[in-house]
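# Survey of secondary and tertiary structure
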Amino acid sequence: MNYIAHLHLAQHTSTHLLGNFLGDFVKGKQWQQLPIELQKGVQLHRWIDSYTDRSPIVQQLTRIFPQGVQRYAGIAIDIYFDHLLVTSWSDYCEYPADDLYSRFYQQLENSPKMLPVNAHFYRVRRGLLERRWLAHYGNQVTCLKAMRAIEHRSRFTLDFAETCYHVLRTHHGTFVQHFTEFYPQLLFSAQKYVNESFKCQETLA
C-alpha cells in the first residue's frame, strides 16, 4: 500500500501515524533504534506490505499489466489504491481525510531531527510539509506524477509510468471492484494483527 492507506490503517488500528509512514524509509533492523510506538508503526507497515503482496486479489490485478512492466505493477497498484481510497473515503472512515492529514503533518513537522532513516525521507518530508500534496490523490493524474517521480529518482533505467497509467485508466472499473473487495479484508486483518502481535509483545515485556 502507499502513503495514504498506511496512514489510514494506522488511524484504524490506533497505531502511530509517523511510525507507519517511516516504514518506507527505515531499512533492515534500524527500526529497533526508534521509540517503541514508532517501532510498532514500522512493524505494522511491513506487515501491511507483506499482506498486500500475498493477496490473491492483488496478484490477479498484477496480471492485467503487460509483461514488460509487470515487475512494476505492485508500485502502480499501491499508488492507485491511494487514489481509490481517497475517492471513497466516507465508505471507510467517519472522519474527514483532511483531519488525518493535519495530524500527520504535525507529527512529521515535530519528528525527531536524528532518525535512523535514509536521505530520501528528508526529501519527501520537505515536499510534504511545503506542498501538502496528500490531498492531491483525489485527482487521478497524481498517480501518474507519483510514478514518474519514482522513475526519475531511480538509479536504473525505468520506463513504466505511462504504460501502467494507461492500464489503470483503461481498467478503472476492475480496479475499483477489486479494491472494494480487498480493502475491508485488509482493515480487518490489520486490526487482528495489531491486537494479537502487540498484545503479545506487551505480555513478554
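In case you missed it, the structure is sitting above this.
Before going into details, it helps to say that this report is about the structure given with it. (Residues numbered from 1 in each chain as written. Predicted model: local features only at pLDDT ≥ 70, side-chain atom pairs only at ≥ 80, totals over all residues. Heavy atoms only, no water.)

Turning our attention to the packing of aromatic side chains. Under the defined criterion, the tally for this structure stands at 22 aromatic pairs. Ring centres of Phe21 and Phe25 lie 5.1 Å apart, and the angle between their planes is 45°; on these two criteria the pair is classed as tilted. Relative accessible area serves as the criterion here: at 2%, Phe21 is assigned to the buried category. You can call Phe25 buried: its relative accessible area is 1%. With a centroid separation of 5.1 Å and an interplanar angle of 80°, the aromatic rings of Tyr92 and Tyr183 are classed as edge-to-face. On the criterion of sequence distance, the pair formed by Tyr92 in the loop between helix H5 (73-87) and helix H6 (97-109) and Tyr183 in helix H10 (residues 172-204) is long-range, its members being 91 residues apart. Residue Tyr92 is classed as buried on the basis of its relative accessible area of 18%. (Phe/Tyr/Trp six-rings, centres within 6.5 Å; stacked < 30°, edge-to-face > 60°. Buried < 20%, exposed > 50% of the residue type's maximum accessible area, 1.4 Å probe, protein only. Helix = DSSP H or I, 4+ residues; strand = E, 2+ residues; numbered from the N terminus.)

Quick look at the packing of helix H1 (residues 3-13) against H5 now. Packing of H1 against H5 brings their axes to within 7 Å, and their N-to-C directions diverge by 55°. Comparing their axes, H5 and H1 come out oblique. Residues Tyr3, Ile4, Ala5 and His8 of H1 touch H5, and the partners they reach there are Asp82, Leu85 and Val86. Here the residues of the contact of H1 with H5 sort into 5 nonpolar, 1 polar and 1 charged. (Axes fitted to C-alpha atoms, helices over the stretch in contact; angles between N-to-C directions. Parallel < 35°, antiparallel > 145°, perpendicular 65-115°, else oblique. Contact = heavy atoms within 4.5 Å. Nonpolar A, V, L, I, M, F, W, Y, C, P; charged D, E, K, R; others polar.)

On to a positive patch on the surface. On the surface, Arg123, Arg126, Arg131 and Arg153 cluster together into a positively charged patch. Broken down by element, the positive patch gets its largest block of residues, 3 residues, from helix H7 (residues 119-131). Look at Arg131 and you get exposed, because its relative accessible area is 54%. (Patch = residues over 30% accessible without salt bridge, like charges linked within 9 Å, V, L, I, M, F, W, Y side chains within 5 Å. Areas by Shrake-Rupley, 256 points an atom, 1.4 Å probe, with all protein chains shown as cover. Salt bridge = Lys/Arg side-chain N within 4 Å of Asp/Glu carboxyl O. Lys, Arg positive; Asp, Glu negative; His and termini not counted. Charge placed at Lys NZ, Arg CZ, Asp CG, Glu CD.)

No statement about biological role is implied by the geometric values presented.
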